[in-house]
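Spelled out from the first residue to the last, the chains are:
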Amino acid sequence: MNDSKKGSKFSVTSSLLITLSAVLIVISMFFPWWKMVFYAPQYPEGLNIIVYPNKLKGEIDIINGLNHYIGMSNFSEKNFPELSYLIYIIGGLAGLTLLTAILRMKKVLYGLIGIIALVGVTGILDLHFALQRYGTNLSSKAPIKIDPFVPPIIGENTVANFITHSMLGTGIYFVIAAFILLLIPLWKDRVR
Amino acid sequence: MKKWIPIASGLLAGFVAATISFADFSTKTNTEAASSTKSNAEKVYVPFGEKDDYYLFASGGHSGQMFIYGVPSMRKIRTIPVFSQDSATGYGFDEHSKKLMGGYTWGDLHHPAFSETKGDYDGKWMFATDVGNSRAAVVDLKTFTTKDIIKVPNTAGPHCAAFVTENTEYMFLPTRFAVPLGQKYESLDDYSAKYRGVMSAVTFDEKNVKLNIGYQVALPPWSYDLSDAGKKGSADWAVMTTYNTEESTTTMEINASQADRDYIVLFNWKELEKMVKEGKYEEVDGQKMIFPEKQKGGIYLVPVAKSPHGVDVTPDGKYFIASGKLAPAMTVFSFEKAFKAVENKDFAGERNGIPILNYESVMEREVNPENALGPLHTQFDDKGMAYTTMFISSEIVKWDPKTGKTLDRVPVQYSPGHSVSAEGDTVAPDGKWLIALNKIAKDTYLSVGPSHPESMQLIDISGKMKVIMSAPVDPEPHYAQMIKADKIKTINVYPKDTKNKDAVYKQSETKIVRKGNEVHVYGIAMRSRFIFDAKSKRPDVIEVNQGDHVFIHLTNIDFDEDITHGFAINSYDLNMEVQPGQTNTMEFTADKAGTFPLYCTNFCSALHQEMNGYFLVKPKN
């Protein structure tokens with residue numbers, strides 16, 4: 001092994017960490033990535049919108065039923081085309097991660113980190129705009145008139161008698177863990 | 001280079017993420033406590049947020065309903081309409097319940113009985129009898145609603161179920177009033193020859209939720225009162241009390257109280273079942289009828305102190321205890337001795353073709369607590385001790401069936417008929433609580449005029465008996481059963497039934513279909529509107545012609561616990577409810593022309609008051 005090669009390739013340990021990262025990304029697909037819990041005096045147990053990469057779960061029908069009072073449009077998988085292809089993007093990223101582990105090239109790793117960061121930012125913006133769309137595009141004929149609002153991606157918001165809590169889901173924690181695993185080789189195999 | 005650091009930190013990251021997401025940090029509090037150091041108020045106080053330990057199912061007598069209470073708080077939770085119409089729930093108005101009621105408008109609900117598995121309540125079904133119109137019903141404990149009612153022929157006033165057999169094979173319905181077979185006209189002068197006290201063996205088809213009659217027994221024309229099924233070693237047997245063995249036909253108060261002894265009918269239902277299988281019966285009004293004087297076997301008479309009321313089998317299934325309401329004593333009989341007497345044909349003659357067992361051969365002991373009068377009904381605790389209600393001396397007496405010794409007694413206000421202890425009819429009673437079902441409340445509550453509610457008194461039986469709470473109750477609990485709350489598994493919403501042709505779950509699929517003069521509405525109710533035809537200019541309007549036969553199929557698409565909608569048509573005397581997820585049908589003829597507002601009767605939401613529409617009936621010509 002010469003020096004120049006040492007600079008562009010990373011260690012087997014790092015490769016294993018990156019493999020683990022790919023595994024975590026795959027696992028994340030089976031868990032919810034984000035959720036919103038609605039609490040009201042009549043719903044102390046909370047109503048959920050649980051977002052998986054490919055589906056919505058929770059008490060969507062009940063939430064839609066209540067949201068029509070403020071003129072909000074229905075949450076449905078149909079209204080989120082992202083849910084039909086997001087799973088392939090995530091799968092693709094997992095594949096790229098695995099490929100990076102096999103190639104063991106630092107440049108590829110930099111590229112991968114860049115792509116994942118980009119996809120992540122895009123995802124956050126997408127969610128933000130979706131929330132904005134729902135919160136500001138309220139029917140003018142709604143029985144209860146409220147000011148337009150944008151629920152936060154993480155945190156609390158109050159709408160009429162509902163307090164919503166938005167939070168990250170298990171899946172995203174796996175992704176964060178996966179991302180940290182990708183960063184470790186940068187430090188571990190840094191040129192000294 | 002320490003290679004394990006990055007690996008470990010990676011795994012740690014994963015575990016932390018998993019822990020944050022999955023760990024259950026909530027703590028569970030144990031609410032159950034029966035500490036004897038608690039005050040009476042503390043014993044019955046169930047704080048907001050906590051729930052009672054037991055459900056009490058009390059028969060509603062001539063209200064035709066069943067009342068559900070929580071124990072120990074004695075808070076009333078629910079009224080289940082069974083044999084009578086109830087506009088609060090639309091019972092008797094919608095198609096299903098109207099059919100169940102079979103044209104009757106009231107009933108006299110006497111004896112509730114839980115379904116049992118291995119002699120223990122299984123919390124699945126509740127049965128009840130109607131003395132008023134000779135029916136039996138089954139209530140589904142997933143929804144607390146009546147599912148089936150059967151009219152029992154040849155019988156008039158099934159007073160009590162045999163509290164079902166050990167595995168709910170049968171519910172026995174002995175009759176209180178003897179009538180001629182088919183309830184045909186016969187002169188009362190021919191009472192002994194032409195009248196019969198028919199007992200019915202009712203079966204329950206759990207899969208199809210259907211009651212049926214397995215067979216009937218044409219017992220002598222006496223009045224049959226209480227009954228109980230055997231347990232464990234006596235599981236194939238059942239016992240019931242009978243009075244008016246004098247066969248008097250008038251002024252029964254005097255004439256049916258003449259004989260010093262009446263009987264307990266002891267029968268082996270397995271043997272009767274076998275006889276029916278072997279064809280040893282006669283067909284009467286489509287029923288398989290056993291005539292004990294012709295098809296011998298399986299039925300015996302046990303002499304008992306005059307005019308008995310209660311007969312109760314001990315939890316171990318070894319004894320049955322009879323109480324003569326006009327005699328001061330209770331009698332403990334031994335099943336084992338009875339079996340031996342049957343085997344040895346140790347008979348003291350026959351009555352109406354049925355062998356009479358020798359009293360001395362079957363009797364274990366007579367129990368006569370001092371000055372205790374009018375013993376009616378006995379319940380048991382976890383130690384097998386007996387608690388008998390004394391109607392006339394107005395008290396509960398605790399005694400030991402094994403020794404006959406009186407252990408404790410407590411006055412109750414006033415005149416208890418039955419009492420019920422926690423799971424007191426099972427092979428394993430819980431002890432803890434006993435409730436006296438008193439016929440007279442008189443001065444107990446704020447006065448409401450000359451007549452008062454009945455009263456249910458909660459008695460702590462964990463130590464010395466003590467009345468610690470009294471709750472008023474509508475007329476009138478004859479009997480009640482108390483079940484551990486965790487045995488009952490209710491549903492929150494009705495599940496979608498895609499096979500139900502009357503159900504519509506999407507707004508867009510609502511429609512009004514006309515077939516000749518029949519109009520079928522397939523509509524939905526949701527917060528806070530009705531949609532009968534989504535494509536219509538006014539989706540919440542139904543317009544028909546005078547004389548049309550109208551079917552309104554309504555589905556509540558709010559799959560949300562307790563969001564129940566009602567549906568009433570003003571001035572048409574119609575109202576029904578649709579519980580969350582439920583589909584219900586209303587059928588009627590639009591014979592009145594005019595404009596009739598329709599509206600949601602069950603307060604459902606902030607805009608409930610706006611949940612209405614119109615039912616328009618165009619006049620003929």
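This is a predicted model, so every value here is computed, not measured.

About the cut-offs
- All residue numbers refer to positions counted from 1 along the written sequence of the respective chain.
- For naming, the first written chain is A and the first written ligand is 1, with later ones following in the order written.
- The model is predicted, so local features are restricted to residues of pLDDT at least 70 and side-chain atom pairs to those at 80 or more, both for listing and for counting; the totals for chains, interfaces and linings are taken over all residues.
- Processing note: side-chain calculations cover all non-hydrogen atoms of the structure and skip hydrogens and water entirely.
- Secondary structure elements follow DSSP: runs of H or I of four or more residues count as helices, runs of E of two or more count as strands, with numbering from the N terminus.
- Throughout, the radius of gyration refers to the C-alpha atoms, and the reference size of a globule is 2.2 Å times the residue count to the power 0.38.
- Three labels apply to residues, based on accessible area from a 1.4 Å probe with only protein chains included: buried if under 20% of the type maximum, exposed if over 50%, partly exposed otherwise in between.
- Whether two residues are in contact is decided by their heavy atoms, any of which lying within 4.5 Å being enough.
- Computed with a 1.4 Å probe, the accessible areas rest on the Shrake-Rupley method; for each residue, only the protein chains presented here act as cover.
- By the counting rule applied here, Lys and Arg register as positive and Asp and Glu as negative, while His and the ends of each chain are not counted.
- For this purpose, a charge sits on NZ of Lys, CZ of Arg, CG of Asp or CD of Glu.
- Patch definition: residues with relative accessible area over 30% and no salt bridge; like charges joined within 9 Å; nonpolar side chains (Val, Leu, Ile, Met, Phe, Trp, Tyr) joined within 5 Å.
- Each salt bridge in this description consists of a side-chain nitrogen of Lys or Arg and a carboxyl oxygen of Asp or Glu lying within 4 Å of one another.
- Any two strands with at least two DSSP-identified bridges between them are counted as paired.
- For helices, the fitted axis covers only the stretch in contact; all axes are lines through C-alpha atoms, and the angles between them, taken along N-to-C directions, range from 0 to 180 degrees.
- Any N or O atom pair separated by 3.5 Å or less is treated as a polar contact, with the protein-specific requirement of one donor-capable and one acceptor-capable atom, and with residues adjacent in sequence counted only for side-chain atom pairs.
- In what follows, roughly perpendicular refers to angles from 65 to 115 degrees, roughly parallel to angles under 35, roughly antiparallel to angles over 145, and oblique to any angle outside these ranges.
- Definitions used for this entry: grid spacing 1 Å over protein atoms alone; cavity, a set of points where a 1.4 Å probe fits but cannot get out; pocket, an open set with protein on both sides within 12 Å along at least 5 of 7 lines; lining residue, one with an atom within 4 Å of a point.
- Grid points are joined across faces, edges and corners, and a volume is the space filled by probe spheres set on the points.
- Residue polarity follows a fixed list, in which Ala, Val, Leu, Ile, Met, Phe, Trp, Tyr, Cys and Pro are nonpolar, Asp, Glu, Lys and Arg are charged, and the others, Gly among them, are polar.
- The definition used for a disulfide is geometric: two cysteine sulfur atoms within 2.5 Å.
- Aromatic rings from Phe, Tyr and Trp, taking only the six-membered ring of Trp, are treated as a pair when their centres fall within 6.5 Å; an angle between ring planes under 30 degrees marks them as stacked, one over 60 as edge-to-face, and anything in between as tilted.
- Two conditions define a charge located above a ring, namely a distance within 6 Å from the ring centre to NZ of Lys or CZ of Arg, and an angle within 35 degrees of the ring normal.
- By this rule the span expected of a helix is its residue count minus one, scaled by 1.5 Å.
- Arc definition: it is the arc formed by the directions from the helix axis to the C-beta atoms.

Peer 1: When you look at the overall build of chain B in this model, what are you seeing that I'm missing?
Peer 2: Across its full length, chain B holds 8 helices and 44 strands. The globule rule puts the C-alpha radius of gyration for 621 residues at 25 Å, and the 28 Å found for chain B is close to it. Every one of the 621 residues in chain B was classed for burial, and the buried ones make up 57%. Of all intrachain contacts in chain B linking residues separated by at least 6 positions in sequence, the fraction that spans at least 24 positions is 60%. Total accessible area computed for chain B in this model is approximately 26400 Å², and 51% of it derives from carbon and sulfur atoms. If the 69 positive side-chain charges of chain B are averaged to one point and the 79 negative ones to another, these points end up 5 Å apart.

Peer 1: What exactly am I supposed to notice about the overall build of chain A here?
Peer 2: Looking only at helices and strands, chain A features 6 helices and 5 strands. Counting from the amino terminus, helix and strand elements in chain A follow one another as α-α-β-β-β-α-α-α-β-β-α. Compactness check: chain A gives a C-alpha radius of gyration of 21 Å against a globular reference of 16 Å for 192 residues, more than 25% above the reference. The principal-axis extents of the C-alpha atoms in chain A amount to approximately 75 × 30 × 30 Å. A total of 192 residues make up chain A; the buried ones form 44% of that total. For chain A, the share of sequence-separated contacts (at least 6 apart) that also reach a separation of at least 24 residues comes to 64%. Working note: accessible area of chain A is about 10300 Å², and carbon and sulfur atoms make up 66% of it. A distance of 15 Å separates the average location of the 16 positive side-chain charges in chain A from that of its 10 negative side-chain charges.

Peer 1: Would you mind showing me how to read a nonpolar patch on the surface here?
Peer 2: Residues and elements named next belong to chain A. Together, Tyr85, Tyr88, Ile89, Leu96, Leu99, Leu103, Met105, Ile115 and Val119 make up an exposed nonpolar region whose accessible area comes to about 780 Å². Elements that contribute at least two residues to the nonpolar patch include exactly α4 (82-103) and α5 (106-136). Here the element with the most residues in the nonpolar patch is α4; it accounts for 6 residues. Methionine 105 gets classed as partly exposed once you look at its relative accessible area, which sits at 37%.

Peer 1: Looking at this structure, how should I read the sheet that holds strand β26 (residues 375-380) of chain B?
Peer 2: What links the strands of a sheet is backbone hydrogen bonding, and the strands pair in either a parallel or an antiparallel sense. Residues and elements named next belong to chain B. The strand order across the open sheet formed by 4 strands is β26-β27-β28-β29, and the pairing between neighbours is antiparallel. Edge positions in the open sheet fall to β26 and β29 (406-411), since each of these has one partner strand only. For this sheet, the mean inter-axis angle between neighbouring strands, taken without regard to orientation, is 20°.

Peer 1: Would you explain unusual backbone geometry in this entry?
Peer 2: With the exception of glycine, the majority of residues adopt a negative phi angle, and the majority of peptide bonds are in the trans configuration. Residues and elements named next belong to chain B. Here the residue pair glutamine 413 and tyrosine 414 is connected by a cis peptide bond, since its omega of -20° sits within 30 degrees of zero. As for its placement among the helices and strands, tyrosine 414 is situated in the loop between β29 and β30 (416-422). Phi at lysine 118 is positive, roughly 55°, even though this residue is not glycine. Position of lysine 118 relative to the elements: it lies in the loop between β4 (113-117) and β5 (120-130). The backbone phi angle of valine 209 is positive, close to 50°, even though this residue is not glycine.

Peer 1: Is there a simple way to think about the environment of B:Asp346 in this case?
Peer 2: All names here are of chain B. Here aspartate 346 lies in the loop between α7 (335-343) and β23 (347-351). Residues contacting aspartate 346, with those up to four places away along its chain left out, are Ala341, Ile356, Leu357, Asn358 and Ser361. A polar contact is formed between the side chain of aspartate 346 and the side chain of serine 361, at a distance of 2.5 Å.

Peer 1: Even after reading the chapter, I still don't get the pattern of salt bridges, so can you show me in this structure?
Peer 2: Two side chains of opposite charge can pair, provided their charged atoms sit close to one another. Residue and element names in this part refer to chain B. What the rule picks out here adds up to 27 salt bridges over all chains. Salt-bridge contacts for glutamate 293 lead to arginine 196; the nearest nitrogen and oxygen are separated by 2.4 Å. One end of the pair, glutamate 293, is in the loop between β18 (287-290) and β19 (299-305); the other, arginine 196, is in strand β12 (residues 195-205), with 97 residues separating them in the sequence. The network of salt bridges with common partners includes Asp120, Glu423 and Lys487.

Peer 1: Would you take a moment to explain the packing of helix α2 (residues 12-28) of chain A against α4(A) for this structure?
Peer 2: When two helices pack together, their arrangement is given by the angle between the helix axes and the distance between those axes. All names here are of chain A. Their axes nearest at 8 Å, the elements α2 and α4 cross at an angle of 170°. As far as their axial angle goes, α4 and α2 are roughly antiparallel. Contacts between α2 and α4 involve Ser15, Ile18, Thr19, Ser21, Ala22, Ile25, Val26 and Ser28 from the former and Ile90, Ala94, Thr97, Leu98, Thr100 and Ala101 from the latter.

Peer 1: What exactly am I supposed to notice about empty space enclosed by the protein here?
Peer 2: Unoccupied space between atoms shows up once a probe the size of one water molecule is rolled over them. Residue and element names in this part refer to chain B. By the definition in use, this model includes 3 cavities of 30 Å³ or more. Of the voids in this model, the largest cavity is the one considered here, and its volume is about 60 Å³. For the lining of the largest cavity, the residue count by class is 3 nonpolar, 3 polar and 5 charged. Here the second largest cavity is characterised by a volume of approximately 40 Å³. Lining the second largest cavity are Phe127, Val164, Thr168, Glu169, Tyr170, Met171, Val202, Thr203, Phe204 and Leu211. Counting residues per element, the lining of the second largest cavity draws most heavily on β12, which supplies 3 residues. For the lining of the second largest cavity, a count of residues per class yields 7 nonpolar, 2 polar and 1 charged.

Peer 1: So what exactly am I meant to see when it comes to the pairing of strand β35 (residues 511-515) of chain B here?
Peer 2: In summary, the side chains of a regular strand alternate between the two faces of the sheet. Residue and element names in this part refer to chain B. One ladder, built from 5 bridges, connects β35 with strand β36 (residues 518-526); its direction is antiparallel. Looking at the pairing, arginine 514 lines up with valine 519 of β36. Linking β35 to β36, which pair antiparallel, is a turn of 2 residues; within it glycine 516 sits at a positive phi near 60°.

Peer 1: Sorry if this is basic, but what is going on with the side chain of B:Asp228 here?
Peer 2: Inspection of the secondary structure assignment puts B:Asp228 in strand β14 (residues 223-229). The side chain of B:Asp228 sits in the buried core without any salt bridge; B:Lys231 is the nearest counter-charge, 4.1 Å away.

Peer 1: What is the right way to read the state of the cysteines from this model?
Peer 2: Covalent bonding between the sulfur atoms of two cysteines defines a disulfide. Residue and element names in this part refer to chain B. A complete count under the given rule lists 0 disulfides over all chains for this structure. For the unlinked cysteine cysteine 600, the closest cysteine sulfur is that of cysteine 604, found at 4.0 Å. Cysteine 604 gets classed as buried once you look at its relative accessible area, which sits at 9%.

Peer 1: When you look at the sheet that holds strand β25 (residues 363-367) of chain B in this model, what are you seeing that I'm missing?
Peer 2: Residue and element names in this part refer to chain B. Strands sit in the order β20-β21-β22-β25 across an open sheet of 4 strands; the sheet is antiparallel. What marks the edges here is a single partner per strand, and that holds for β20 (308-313) and β25. Geometrically, the sheet is characterised by an average inter-axis angle of 20° between neighbouring strands, direction not taken into account. Pairing between strand β21 (residues 319-324) and strand β22 (residues 330-334): 5 bridges, direction antiparallel. Looking at β22, one finds that isoleucine 321 is bridged to valine 332.

Peer 1: Just checking my understanding: could you explain the packing of aromatic side chains for this structure?
Peer 2: Under the definition given, this model contains 33 aromatic pairs over all chains. With a centroid separation of 5.0 Å and an interplanar angle of 80°, the aromatic rings of B:Phe172 and B:Phe267 are classed as edge-to-face. With a gap of 95 residues between them, B:Phe172 in strand β9 (residues 171-173) and B:Phe267 in strand β16 (residues 261-268) connect regions that are remote in the sequence. For the pair formed by B:Phe172 and B:Phe267, the shared burial category is buried. Grouped by ring-pair contacts, the aromatic residues B:Trp237, B:Tyr300, B:Phe320, B:Phe333, B:Phe335, B:Phe339, B:Phe347 and B:Tyr359 constitute a single cluster. Here the guanidinium or amino end of A:Lys55 rests over the ring plane of A:Tyr52, the centre of that ring lying 4.7 Å away.

Peer 1: What's the story with α4(A) in this structure? I'm lost.
Peer 2: The periodicity of an α-helix, 3.6 residues per turn, causes residues three or four places apart in sequence to face the same way. Residue and element names in this part refer to chain A. An ideal rise of 1.5 Å per residue puts 32 Å on 22 residues; α4 measures up with 30 Å between its terminal C-alpha atoms. Those residues of α4 lying buried are Glu82, Leu83, Ile90, Leu93, Ala94, Thr97, Thr100 and Ala101. End-on, the buried residues of α4 take up no more than an arc of 120°, which puts them together on one face. Those residues of α4 that are exposed and angled more than 90 degrees off the buried face are Tyr88 and Ile102. The inward-facing, buried residues of α4 contact α2, β2 (43-51), β3 (56-58), α5 and α6 (170-188). With its phi angle positive at about 55°, arginine 104 sits one or two positions after the end of α4.

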